[in-house]
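Coordinate inspection notes
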Amino acid sequence: MSIYYQSNNPITNELGCIVHLHDGLFSFIPLDISNTDYQNYLLWVEEGNTAPLWKPEEHDLPIVTPP
Amino acid sequence: MPTSSGFQVNEILTAANTNQYLLRPYTNAIINGAMNITQRGTSLAGITSGDNIGTADRWFLGLLTAGTWTETTQALTSSDAPVQEGIRNSTKITCTTANASLSANAFNVFGQKIEGFNLQQFAKGTTGAKSFALSFWVKSNITGTFIAELYDYANTRNISSAYTITSSGVWQKVRIVFSADFTGMIPNDNAHRFTFFAWLAAGSAYTSGTLKTAWGSDVSNRRAVGQVNLAATINNYFEITGVQLEPNGVCTPFEIRTYSDEFASCLRYFQRHTQPSLRGVCAASFTRMALHYGTPMRSLPTMTSNGGTMGFWDGITGAVGAVGFTFVYSLGNSTCEADISSSGWTAGRAAVSYQGVGHTFVLDLNAEL
């Protein structure tokens, strides 16, 4: 399982942010070079890694439902 | 007269010296120097590696193969000397697994990263460059030589100074005046440009030269020469508070800022929302909700939720459930908009989240350096 995913904006279908899986949590990282998490992601890519597309249905996310 | 040991109030202020020595607010480049703001909590155990902001906001513990540590925020009492300056908290770093034989590249440093916007008062790299007056309270069970370092990441230049902890378990005030640096301007921007390091342990890669006590290009083995190995024995500790880094050649008394001012300064880098009211609209299989942070952040922040529970209401029906974000549409520096995985709600209705007793949802926004 990758630790990073590329999350497209569902409306524009363009890359919107990076999803980072760590410690059992998902973080959403903006495409901002001033953001240190994004800098770390770019270093990970420079090492030859490629993040797959983020598909939330492939992960066991909780769902809020009415009672 | 102004001396390297502090500002004496019997000094006669004249037109010539007033501008240099008069106590002026907000010259401290350090945020949360009194360790009062602890959004992440007051204790973090099992720290072994990385670049961790564990308890006090803005302060990191950097580690590489130098033992295991616990970081805690300590409430000071009347018997603690920093209280004389109005300082009521400290950060204590305690060794829980020792490493008496450090590898060459091992290190343990406690410090704070500073952005370019907050460094311009030093006029570094100009003909008007100011000295860096560093002061802090420190206590350790280990006596001996410790190293304080300023590192200019914009120009890869640094300077170090040794100081001596003379008595075990006794608070002492450290005052160091680093010389002005007329080389290497600091960009006026929001990037990481400077770090104050308090060294706690260092391998030979940082200690095998002679200590570099003048500004110049970084030479790794001159950064922490003489530093004692705090990791040598379990239960060794280092406690620090009242950190101030100010321009000119005098360490003035620690400036107590209002709690709200200090808190707002920390919110620029990190915000933990434990009772967020997310507002949005229901769709068939998700709910799109937005959050306004209140305080703009240094950069666009990373958003992390803990997957905890919160209340959810669409105007007619309410429920409590664990929350998972599916897509984030925007992550601005003052607002964000995201989809929450949901099902069974009526599309088109308004949606609002709320937090009640027992709800556990937490949303972190991180724009640290």
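Preceding this section is the structure that the text describes.
I will try to describe carefully the structure that is included in this document.

1. Quick look at the interface of chain A and chain B
By a frequent convention, interface size equals the accessible area lost on bringing the separate parts together. Of the residues lining the interface, 27 residues belong to chain A; the matching set on chain B comes to 33 residues. Together chain A and chain B conceal approximately 2400 Å² of surface at their shared face, both sides included; 63% is due to carbon and sulfur atoms. When the buried surface of chain A facing chain B is broken down by residue, F28, P62 and V64 of chain A rank first, second and third, together holding 28% of it. At the surface where chain A touches chain B, the tally comes to 0 salt bridges. Taken together, chain A and chain B are joined by 12 residue pairs in polar contact (both at pLDDT 80 or more). A total of 6 residues in the side of chain A that touches chain B trace back to one element, the largest contributor, which is strand β3 (residues 25-30) of chain A. Tallied by class, the residues present in the side of chain A that touches chain B amount to 16 nonpolar, 9 polar and 2 charged.

2. Focus on the sheet that holds strand β19 (residues 318-322) of chain B
All names here are of chain B. Taken together, the 7 strands give an open sheet; going across it, the order is β19-β18-β22-β15-β16-β21-β20, and neighbouring strands pair in antiparallel fashion. The sheet is open, and its two edges are formed by β19 and β20 (325-331), each paired on a single side. Within the sheet, the average angular offset between the axes of one strand and its neighbour, ignoring direction, is 25 degrees. Relative to strand β21 (residues 335-341), strand β16 (residues 286-292) is paired through 7 bridges, and the arrangement is antiparallel.

3. A short note on empty space enclosed by the protein
All names here are of chain B. The full count for this structure, using the stated rule, is 1 cavity of 30 Å³ or more. In this structure, the largest cavity occupies an estimated 40 Å³ of space. What lines the largest cavity is simply L278, M289, L291, M303, F325, C336, A338, I340 and L363. Elements with a minimum of two residues in the lining of the largest cavity: β16 and β21.

4. Description of the pairing of strand β9 (residues 157-165) of chain B
Residue and element names in this part refer to chain B. Judged by how many residues are buried, β9 sits mostly within the fold: 7 of 9 residues are covered. Strand direction decides the pairing type here: strand β8 (residues 144-152) and β9, joined by 9 bridges, are antiparallel. In the strand pairing of β9, T145 is matched with T164. The hairpin formed by β8 and β9 contains 4 residues between the paired strands, and T156 there has a positive phi angle of roughly 55 degrees. Relative to strand β12 (residues 216-217), β9 is paired through 2 bridges, and the arrangement is antiparallel. Looking across to β12, one finds that R157 is bridged to S217.

5. Describing helix α1 (residues 36-46) of chain A
Residues and elements named next belong to chain A. If you check which residues of α1 are buried, you get Y38, Y41 and W44. Taken down its axis, α1 places every buried residue within 110 degrees of arc, on the same side. Of the surrounding elements, those touching the buried residues of α1 are β1 (4-8), β2 (15-22) and β3. The N-terminus of α1 is capped by N35, whose side-chain oxygen sits 2.7 Å from the backbone nitrogen of D37. Immediately downstream of α1, the backbone of G48 shows phi near 100 degrees, a positive value.

About the cut-offs
- Residues numbered from 1 in each chain as written.
- Chains lettered and ligands numbered in written order.
- Predicted model: local features only at pLDDT ≥ 70, side-chain atom pairs only at ≥ 80, totals over all residues.
- Heavy atoms only, no water.
- Contact = heavy atoms within 4.5 Å.
- Buried area = accessible area lost by both parts, 1.4 Å probe.
- Salt bridge = Lys/Arg side-chain N within 4 Å of Asp/Glu carboxyl O.
- Polar contact = N/O pair within 3.5 Å; in protein donor to acceptor, adjacent residues only side chain to side chain.
- Helix = DSSP H or I, 4+ residues; strand = E, 2+ residues; numbered from the N terminus.
- Nonpolar A, V, L, I, M, F, W, Y, C, P; charged D, E, K, R; others polar.
- Pairing = 2+ DSSP bridges.
- Axes fitted to C-alpha atoms, helices over the stretch in contact; angles between N-to-C directions.
- 1 Å grid on protein atoms, 1.4 Å probe; cavity = no way out; pocket = protein on both sides within 12 Å on 5 of 7 lines; lining within 4 Å.
- Points joined across faces, edges and corners; volume = space filled by probe spheres on them.
- Buried < 20%, exposed > 50% of the residue type's maximum accessible area, 1.4 Å probe, protein only.
- Arc of directions from axis to C-beta.

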